[in-house]
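# A look at the structure
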Amino acid sequence: MREDSPCPPTIVLVHGAFADSSSWNGVAERLRAAGTSVIAAANPLRGLDSDAAYIASVLDSIEGDCVLVGHSYGGSVITVAAAGKPNVTALVYIAAFIPDIGESALELTDKFPGSTLGPTTRSATYPLPDGSTGTELYIRQDAFHTQFAADTPAATGELMGITQRPVALAALQEGASATAWRELPSYALLTTEDKNIPIEAQRNMAERANAITVEVTASHAVAVSRPADVAELVLRATARH
């Protein structure tokens, strides 16, 4: 928290692909209990620059400082959205992409071996404003629990598969146009049992960003399976900036 800021930062939580804002419920509950203001923003999942512009508009609506938290593809979004935003004091990456300029989520997924996401997805078309169609991706419901949330109860993982939000393929292919982690303190929670973003990829990105790093034995859905660990790191970032 900046010395000239009279209030603790607002924590803005940004979900990633194949999830929605409810994936932060356990984390938000703990953050609120600690006395912080929290917003779980709805990430459109349509395109990296357009998603980042939407999250930037959320930041503009907040009085005072913010700590920006991103899960998975949400890490790419906060990396771009926080650029040039003086009210953002820290970035927290939760099992997330931390891209450099021009890097896409798909590129970073494949940089190290270990991701089994590709074979578990299915594609669908959706209409675009210009009358053409785009492609979006889902994780197959029968594979969702094992792929995304293996350390949650089976019933929880199955419900997450039913309520997942698809991501536009173009969003995962779009390179980052800004890198706010070069200017802001960064924190990263890394998940050793992650089948979406391999742990070696997470370590590589966190080290490059000079992030304060914590590793936990968890699936990609760590905000659901281990919300206390996520909240603890977010509060650490909030207290120091």
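What counts and how
Residues numbered from 1 in each chain as written. Predicted model: local features only at pLDDT ≥ 70, side-chain atom pairs only at ≥ 80, totals over all residues. Heavy atoms only, no water. Core = buried A, V, L, I, M, F, W, Y, C linked by side-chain atoms within 4.5 Å. Buried < 20%, exposed > 50% of the residue type's maximum accessible area, 1.4 Å probe, protein only. Contact = heavy atoms within 4.5 Å. Pairing = 2+ DSSP bridges. Helix = DSSP H or I, 4+ residues; strand = E, 2+ residues; numbered from the N terminus. Axes fitted to C-alpha atoms, helices over the stretch in contact; angles between N-to-C directions.

With that settled, consider the nonpolar core. One finds Val12, Phe18, Leu68, Tyr73, Leu91 and Phe148 to be the most contacted residues of the largest nonpolar core, which totals 56 residues. Apart from the residues lying within four places of it in its own chain, the contact partners of leucine 91 are Leu68, Ile78, Ala82, Ala180, Trp181, Leu184, Pro185, Ser186 and Tyr187.

Moving on to the sheet that holds strand 5 (residues 121-127). Across the sheet, which stays open at both edges, the 3 strands sit in the order 5-6-7 with antiparallel pairing between neighbours. The open sheet has two edge strands, strand 5 and strand 7 (167-168), and neither has a second partner. Two elements, strand 6 (residues 133-139) and strand 7, share 2 bridges in a ladder whose sense is antiparallel. Within the sheet, the bridge partner assigned to leucine 137 lies in strand 7 and is valine 167.

Turning our attention to the sheet that holds strand 9 (residues 212-216). Read across the open sheet, the 6 strands follow the order 2-1-3-4-8-9; overall the sheet is parallel. Because the sheet does not close on itself, it has two edges, and the strands there are strand 2 (38-41) and strand 9. For this sheet, the mean angle separating the axes of adjacent strands, direction not counted, is 15 degrees. Running at roughly 170 degrees to strand 8 (residues 186-191), helix 8 (residues 199-208) makes contact with strand 8 and strand 9 of the sheet.

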